Amino acid sequence: GQQVMQIPQYQHVQEGEDFTTYCNSSTTLSNIQWYKQRPGGHPVFLIQLVKSGEVKKQKRLTFQFGEAKKNSSLHITATQTTDVGTYFCADRTGTASKLTFGTGTRLQVTL
Amino acid sequence: DGGITQSPKYLFRKEGQNVTLSCEQNLNHDAMYWYRQDPGQGLRLIYYSQIVNDFQKGDIAEGYSVSREKKESFPLTVTSAQKNPTAFYLCASSAGARYNEQFFGPGTRLTVL
């Protein structure tokens, strides 16, 4: 079946540094959703990318969808302690409304 | 106040007992999902339902069962056949259309002793 891998698994940055997580698939991605899960919490939807090469921004967050639709990335500029959590990408595949989640990247931000 | 509720937040059971986790939504969503999350891991799909009275197995359905008798409710039973039931269980719902995001409940942390 489809495998969606994310790298790195974990990253620790100082507040103010940038952060990027990459989402790679063994098959062509249909459309990518990104979620954030705070420690002890539940995943919360951030954004969806549908078109090849698409770039979307949300304040300090920039989301990209690869030209070949085999990968996606999330970049955070000037991290803050509120960015702490695990970031998941998820691909909506097939005709069903289900998602295949990536392995996640855990971000730790310290002062 | 619309949303998804899961109860209880923490649940303890003895090995060999079946246990049912509750999931209710008042978002009028057609589709509902159950995921399992192990420490430091991603989300794995157990079962999903796109419409009342119909559901499909996800990637790790063995040892679990579900029902969807009402649009608002999608309970998950963890049976004694599930080898490693201790985990964090998340319920989600979506409007069901191809591009809609999933809304998650707060989760139930199940510990089997």
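All residue numbers refer to position in the chain's written sequence, counted from 1. Think of it this way: whatever chain is written first is A, whatever ligand is written first is 1, and the rest follow in order. With the structure being a predicted model, the display of local features is reserved for residues of pLDDT at least 70 and the display and counting of side-chain atom pairs for 80 or more, all residues being used for whole-chain, interface and lining totals. With hydrogens and water excluded, all non-hydrogen atoms of the structure serve as input to the side-chain values.

### Considerations on the overall build of chain B
Formally: Helix and strand assignments come from DSSP, with helices taken as H or I runs of at least 4 residues and strands as E runs of at least 2, each series counted from the N terminus. The globule rule used here is 2.2 Å times the number of residues to the 0.38 power, and the radius of gyration it is set against is calculated over C-alpha atoms. Contacts between residues were defined by any pair of non-hydrogen atoms, one from each residue, lying within 4.5 Å. Note on areas: Shrake-Rupley, 1.4 Å probe, and residue coverage restricted to the protein chains presented here. Asp and Glu count as negative and Lys and Arg as positive, but His and the ends of the chain are not part of the count. Note that the charge is assigned to NZ on lysines, CZ on arginines, CG on aspartates and CD on glutamates.
When helices and strands are counted, chain B shows zero helices and eleven strands. In chain B, the order of α-helices and β-strands from amino to carboxyl end is β-β-β-β-β-β-β-β-β-β-β. Its C-alpha radius of gyration of 13 Å places chain B within 12% of the 13 Å reference for a compact globule of 113 residues. Taken over the C-alpha atoms alone, chain B extends approximately 40 × 25 × 25 Å along its principal axes. Partitioning the contacts of chain B with sequence separation of at least 6, the portion at a separation of at least 24 is 52%. Just so you have it, chain B exposes about 5700 Å², and 47% of that area is on carbon and sulfur atoms. Mean positive and mean negative side-chain charge positions of chain B (12 and 11 charges, respectively) differ by 6 Å.

### Remarks on the packing of aromatic side chains
The condition that has to hold: Working definition: rings of Phe, Tyr and Trp (its six-membered ring) pair if their centres are within 6.5 Å, and the pair is stacked with planes under 30 degrees apart, edge-to-face with planes over 60 apart, and tilted otherwise. Only protein chains enter the accessibility calculation, which uses a 1.4 Å probe; a residue whose area is less than 20% of its type maximum is buried, one above 50% is exposed, and one in between is partly exposed. In this analysis the charged atom, NZ for Lys or CZ for Arg, is taken to sit over a ring once it is within 6 Å of the ring centre and within 35 degrees of the ring normal.
Scanning the model with the defined rule gives 13 aromatic pairs over all chains in all. Summarising the aromatic geometry, the rings of Y35 of chain A and F101 of chain A are spaced 5.5 Å apart at their centres and angled 50 degrees between planes, so their arrangement reads as tilted. Here F101 of chain A lies in strand β10 (residues 99-101) and Y35 of chain A lies in strand β4 (residues 31-37), a separation of 66 residues in the sequence. Centre to centre, the rings of F101 of chain A and F104 of chain B are 6.2 Å apart; their planes meet at 75 degrees, and the pair counts as edge-to-face. Separated into two different chains, F101 of chain A in strand β10 and F104 of chain B in strand β10 (residues 103-104) make up a pair that spans both. The exposure class assigned to F101 of chain A is buried, which follows from its relative accessible area of 8%. In this structure an aromatic cluster arises from ring pairing among Y35, F45, F88 and F101 of chain A together with Y33, Y35, Y48 and F104 of chain B. The aromatic ring of F74 of chain B is capped on one face by R68 of chain B, whose charged end is 6.0 Å from the ring centroid. When the ring centre of F88 of chain B is taken as origin, the NZ or CZ atom of R109 of chain B, which lies over that ring, is 4.4 Å away.

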